[in-house]
Amino acid sequence: MARQLRFFSIPVKGSPEVEREMNQFLASAIVSKIEKTLLGNDENAFYTITVEYEIQALQKGNKSFGHRIDYREVLSQKDFALFDKIRDWRLETSKKENIKAYVILTDAQLAEISETRPQSKKQLSKIKNMGKERLEKYGEAILEFTKKEKQPAEQKAEGPAEEDRNKPAWNEENEEDP
């Protein structure tokens, strides 16, 4: 699974809410690196904490097996929105087929799909434990979701949005005094 970044800002004076949020997050992720930077030197100074991580997969032998991950906590808001849409589709499909939802896709697979947004069956096949049968049976349906919501880098590569193409470029002459 690709490495992810998450950022926290904590006032030097402390913030129990932010600290609690960060600790919950750290308990649900495989952390590979943490960087702490102090910004400012007055009473408003704060630490920025950058966490590089991977989402923990729930596997036998993993000490967190049986512990449920709150993907709302570990995915970005945009990734979780896609995760939620695919999860709803998975539930409907599992009811129609009279099978358990995790047989179609596990939550860890949903999270990886939501983060990477594969655009082809070849890319989808790189998702951990995505076998040929799953790919053939559910691949097109999954890709319908991911093709609608491309990665931000892919959207930028396509050029500016239509409304942005018609705006004049910024220059000093357009700047107004506050």
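Procedures and definitions
- Residues numbered from 1 in each chain as written.
- Predicted model: local features only at pLDDT ≥ 70, side-chain atom pairs only at ≥ 80, totals over all residues.
- Heavy atoms only, no water.
- Helix = DSSP H or I, 4+ residues; strand = E, 2+ residues; numbered from the N terminus.
- Buried < 20%, exposed > 50% of the residue type's maximum accessible area, 1.4 Å probe, protein only.
- Contact = heavy atoms within 4.5 Å.
- Areas by Shrake-Rupley, 256 points an atom, 1.4 Å probe, with all protein chains shown as cover.
- Axes fitted to C-alpha atoms, helices over the stretch in contact; angles between N-to-C directions.
- Parallel < 35°, antiparallel > 145°, perpendicular 65-115°, else oblique.
- Left-handed = near helix turned anticlockwise from the far one by under 90°.
- Nonpolar A, V, L, I, M, F, W, Y, C, P; charged D, E, K, R; others polar.
- Phe/Tyr/Trp six-rings, centres within 6.5 Å; stacked < 30°, edge-to-face > 60°.
- Lys NZ or Arg CZ within 6 Å of the ring centre and 35° of its normal.

Caption draft 1: A look at the overall build of the protein. A tally of regular secondary structure across the protein gives 9 helices and 3 strands. Ordered by position in the sequence, the α and β elements of the protein form the string β-α-β-β-α-α-α-α-α-α-α-α. Per-residue burial over the protein gives 31% buried out of 178 residues. Counted over contacts in the protein with a minimum sequence separation of 6, partners at least 24 positions apart contribute 56%. Of the accessible surface of the protein, which amounts to about 12400 Å², a share of 49% is contributed by carbon and sulfur atoms.

Caption draft 2: Focus on the packing of helix α3 (residues 77-97) against helix α5 (residues 107-116). Closest axis-to-axis distance for the α3/α5 pair is 9 Å, and the angle between their directions is 135 degrees. Our classification of the angle between α3 and α5 gives oblique. In this structure, the crossing between α3 and α5 has a hand that is right-handed. Touching Asp 79, Leu 82, Phe 83, Ile 86, Arg 87 and Arg 90 of α3 are Asp 107, Leu 110, Ala 111, Ile 113, Ser 114 and Glu 115, all from α5. Split into classes, the residues belonging to the contact of α3 with α5 amount to 6 nonpolar, 1 polar and 5 charged.

Caption draft 3: Quick look at the side chain of Arg 134. Counting through the fold element by element, Arg 134 comes out in helix α7 (residues 132-148). Those residues in contact with Arg 134 that lie beyond four places of it in its chain are Tyr 102, Val 103, Ile 104, Gln 109, Asn 129 and Gly 139.

Caption draft 4: Just the packing of α3 against α7, in detail. Close contact between α3 and α7 brings their axes to 10 Å; oriented N to C, the two are set at 150 degrees. What the angle tells us is that α3 and α7 run roughly antiparallel. α3 and α7 meet at a crossing whose hand is right-handed. In contact with Leu 82, Lys 85, Ile 86, Trp 89, Thr 93 and Glu 97 of α3, α7 contributes Lys 137, Tyr 138, Ala 141, Ile 142, Phe 145 and Thr 146. Residues belonging to the contact of α3 with α7 are distributed by class as follows: 7 nonpolar, 2 polar and 3 charged.

Caption draft 5: Representation of the packing of aromatic side chains. Inspection of the entire model under this criterion finds 4 aromatic pairs. For the pair Phe 80 and Phe 83, a centre-to-centre distance of 5.6 Å together with 20 degrees between the ring planes defines the contact as stacked. Pair noted here: Phe 80 and Phe 83 are both in helix α3, with a separation of 3 residues, about one helical turn. On the basis of relative accessible area, Phe 80 is assigned to the buried category, the value being 12%. Over the ring of Tyr 47 we find Lys 36, and its NZ or CZ is 5.0 Å from the ring centre.

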